[in-house]
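# Examining the three-dimensional arrangement
Residue-level listing of the chains:
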Amino acid sequence: MQINNNKISKISISKNTPTKEEAILENKTEQKNYESLVQNTSSYVMPFLGKTQVAKKSLKPLTKEEHDVKNAINKLNNDYHSKEVEAGKAYWDYITDNSKENQDKYDKASEACNTFYQDEKLYDKFKNLKENTKIKNPDLKQELDEVLETFEAYNSAEVEETDKDYEKVSNLEKKVQLKANKFENPEGVEYRDYISKDIVKLVKARNTYAKKNGYANFYEMKLAEQGKDSKQVDDMFEKITNATNDIEKNQKCISKETEKLISSRLGKNNILGLCTDVYKNMGWNIMEMPITKFDLFPRQNKINSRQTNNVDPNKDVRVLADLDLKNKPLFAVSTLMHELGHAVHYSSFGEKLPNNQKTIASETLDEGVALLMGGLMEKEGTISKVLDLPEKATKEIEEASLSNKADKIRSYIQVDRFEKAMYENPDQDLQKLWKDCGKKYSNKNYSKLEWTDIDHFIHSPVYYHYYAEGEVVAEQLYNTASKNGTVKLTESKDTAKFFNNKIFKYGASKTEEEILKSATGKALDVDAYCKQFKK
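Note that the structure is predicted; figures quoted are calculated from it, not measured.

### Observations regarding the side chain of His-342
Looking at where His-342 falls in the secondary structure, it is placed in helix α11 (residues 329–346). Within the structure, His-342 has its side chain in polar contact with the side chain of Asp-366 (distance 3.1 Å). Those residues in contact with His-342, other than ones at most four positions away along the chain, are Thr-308, Asp-366, Glu-367 and Ala-370.

Pasting the structure below:
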C-alpha cells in the first residue's frame with residue numbers, strides 16, 4: 001500500500017544533476033529542488049578551540065585612531081572567516097568524491113586556515129598598532145590583545161613541534177578514512193577484517209600524541225580538551241545505567257511487520273518532504289532556509305555516516321545521511337529529523353553575532369536539540385498519523401518508545417565505555433571487550449554490530465558521551481517547550497519560536513549552562529532524566 005501523495009510534500013532528490021535547481025510541486029507551490037550531495041563536519045579535522053565569551057561593552061565612543069584599529073581587526077576576522085568557508089566547501093567536495101584532485105584542494109584550503117596566523121607581516125602590523133596607537137577604550141584594548149595572543153600561540157616553537165606531531169596523526173586518520181570509504185556499507189565480516197588493524201594503528205598513534213602532551217592516553221586528553229571531568233562522566237553513566245536496567249530487561253520492540261509497512265510507505269522522493277512538512281508545522285520552512293545540499297543515501301567513495309556541516313553560519317549548511325529506507329525505515333526518518341535539527345540550529349544564529357560566535361555553545365546542547373527533533377515523530381505519534389498506520393502499528397510504536405529511549409542511551413554508553421577501555425589498552429582482545437560491554441548494557445541496537453562498525457572511532461573520536469548527555473538535554477528541553485507534555489511540538493509553530501529565541505540566537509555568546517538555565521530553569525539535570533524510567 002502506497003501513502004496518499006497528498007499527505008506528504010514531494011521533493012525530488014537527484015543524484016544525476018547535483019548542481020541543477022529544478023522546480024518541484026508542493027501543494028501546487030513551486031519550490032527549489034534539493035541537490036544530492038554530501039555534508040562534512042570540519043570539527044573532526046580541525047580541533048575544537050573553544051569560544052569567545054561576550055564581555056560588557058563600553059559605551060565610550062571610539063576615536064579616529066581607535067576606529068582604524070577596529071577596522072583592521074574586523075578585516076582580519078573577515079579574511080580568516082573566508083578561509084574557513086573555502087576550507088569547508090573544499091572538504092565537502094573531498095568527502096563527496098574522494099578523488100586525488102579533491103583531496104589536494106582540501107589539503108590546500110585547510111593549510112591556508114592553519115597557517116593564516118603564522119603570517120609574520122600581519123603579526124608585525126598588529127604589534128605596531130598595539131605599540132603606536134593610543135587606545136583608551138577597554139573593549140577594543142582587550143580585542144587587540146586577544147588578536148595578538150592568537151598570533152603568538154600560532155607562532156611559538158612549541159606549537160610548531162606539536163603541529164608536526166598532530167599532522168602525522170591527522171594524515172593517518174585520512175588514510176584510514178579513505179580506506180573505509182571504499183565500502184558502501186561499512187559493516188560485516190569482510191569490512192571488519194579489512195579495517196580493524198588500521199583502526200588499532202590509529203588508536204596507538206593518537207595515544208603516542210597524547211603522551212607527548214602529558215596525558216595517559218588519547219581518551220583522557222580529549223576529555224580534558226572538551227572541558228569534561230572523567231569522574232563526573234563515570235558517575236552520570238552509572239546513574240543512567242542503574243535507572244534503565246529494568247526497562248532494558250523488559251524491552252518492547254517494533255515488529256518486522258510494522259517496519260515493512262513503514263518502509264512500503266516511504267520513498268526517496270518523499271522522506272525529505274515528510275520531514276520538512278513536520279518542521280514547517282513547527283515553524284521552520286526548510287525550503288527557505290540556507291540548507292543548501294543533501295546527500296541522503298549510501299554510496300562508495302563518500303563518508304557513509306550522518307553529519308551536518310556548518311560551512312558558513314546562517315548562509316550555507318549541508319546535510320549528510322546514509323538512509324536505509326528498506327531495512328530501517330523508522331531509523332531513517334529519525335535520522336533525517338535529527339540532522340535537520342542540527343541544520344535549523346546552524347541556520348538560526350543571531351545575525352548580529354560576530355562570526356566566531358555563530359557556532360554552537362557546546363556539543364552537548366547541539367546534540368540535545370538534534371536528538372529531541374530526531375525522536376519527536378515517534379514520541380508524539382506524528383509518524384503514525386502522517387503515514388496512516390493502523391492502530392496495531394501505532395500502539396507498537398507508542399509502547400516501544402520508552403524502551404527505545406533507554407536502549408539508545410545505553411548504546412551510547414556502551415560505545416563510550418568500550419572506547420575508553422580501548423585507549424587505555426589497545427593491545428587487549430578488543431572483540432572480547434566489545435562483547436563484555438554488550439553484555440553489561442545488552443542493547444538491541446548494537447548487539448549485531450562489532451566495534452569496527454562504529455565510524456566515529458575513525459573520524460570523531462571520544463564523541464559518544466555527547467550523545468548520552470544530549471539525551472538528557474533533549475528530555476529537559478522537551479519538558480519545558482511542551483509545557484510538560486501538554487503541547488505537541490510537532491503541531492505548534494511556537495516550537496520554532498522557543499528554540500530560536502531561547503537557544504539558537506545566542507550561538508556561542510553564552511555558555512551551555514547559561515543557556516540551559518535561562519531556557520529551562522536548570523543546568524544539565526541527570527536526576528530528572530532518570531525519573532522517567534521509574535514510573
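That covers the picture; the talk isn't over yet.
### Description of the pattern of salt bridges
A side chain with one charge can pair with a side chain of the opposite charge if their charged atoms come near. Going through the model one piece at a time under the given rule, you end up with 35 salt bridges. Where Asp-79 meets Lys-75, a salt bridge forms, and the shortest distance between an N and an O atom there is 2.9 Å. Of the two residues, Asp-79 and Lys-75 are both situated in helix α1 (residues 64–96); the distance of four residues between them amounts to about one turn of the helix. Among the salt bridges present, the one from Glu-257 reaches Lys-392, with a minimum N-O distance of 3.7 Å.

### Re the packing of aromatic side chains
Counted under the stated rule, the structure contains 26 aromatic pairs. The interplanar angle of 85° and the centroid separation of 5.3 Å between the aromatic rings of Phe-418 and Trp-434 together place this pair among those described as edge-to-face. A residue pair is termed long-range when its members are at least 10 positions apart, and Phe-418 in helix α14 (residues 391–424) and Trp-434 in helix α15 (residues 430–441) qualify at 16 residues. In this structure Phe-418 comes out as buried when scored by relative accessible area, which is 0%. The exposure class of Trp-434 is buried, given its relative accessible area of 2%. Between Phe-418 and Trp-451 the ring centres are 5.9 Å apart and the planes differ by 35°, which places this aromatic pair in the tilted class.

### Focus on the side chain of Thr-490
Structurally, the position occupied by Thr-490 is in the loop between α18 (464–481) and α19 (494–502). Exposure remark for Thr-490: the relative accessible area of 3% places this residue in the buried category. For Thr-490, the side chain forms a polar contact with the side chain of Thr-382, separated by 3.0 Å. Those residues within four positions of Thr-490 in sequence are excluded, and the remaining contacts are Val-278, Asn-281, Met-282, Leu-376, Glu-380 and Thr-382.

Calculation criteria
Residues numbered from 1 in each chain as written. Predicted model: local features only at pLDDT ≥ 70, side-chain atom pairs only at ≥ 80, totals over all residues. Heavy atoms only, no water. Helix = DSSP H or I, 4+ residues; strand = E, 2+ residues; numbered from the N terminus. Polar contact = N/O pair within 3.5 Å; in protein donor to acceptor, adjacent residues only side chain to side chain. Contact = heavy atoms within 4.5 Å. Salt bridge = Lys/Arg side-chain N within 4 Å of Asp/Glu carboxyl O. Phe/Tyr/Trp six-rings, centres within 6.5 Å; stacked < 30°, edge-to-face > 60°. Buried < 20%, exposed > 50% of the residue type's maximum accessible area, 1.4 Å probe, protein only.

Interpretation in functional terms is not warranted from these geometric data alone.
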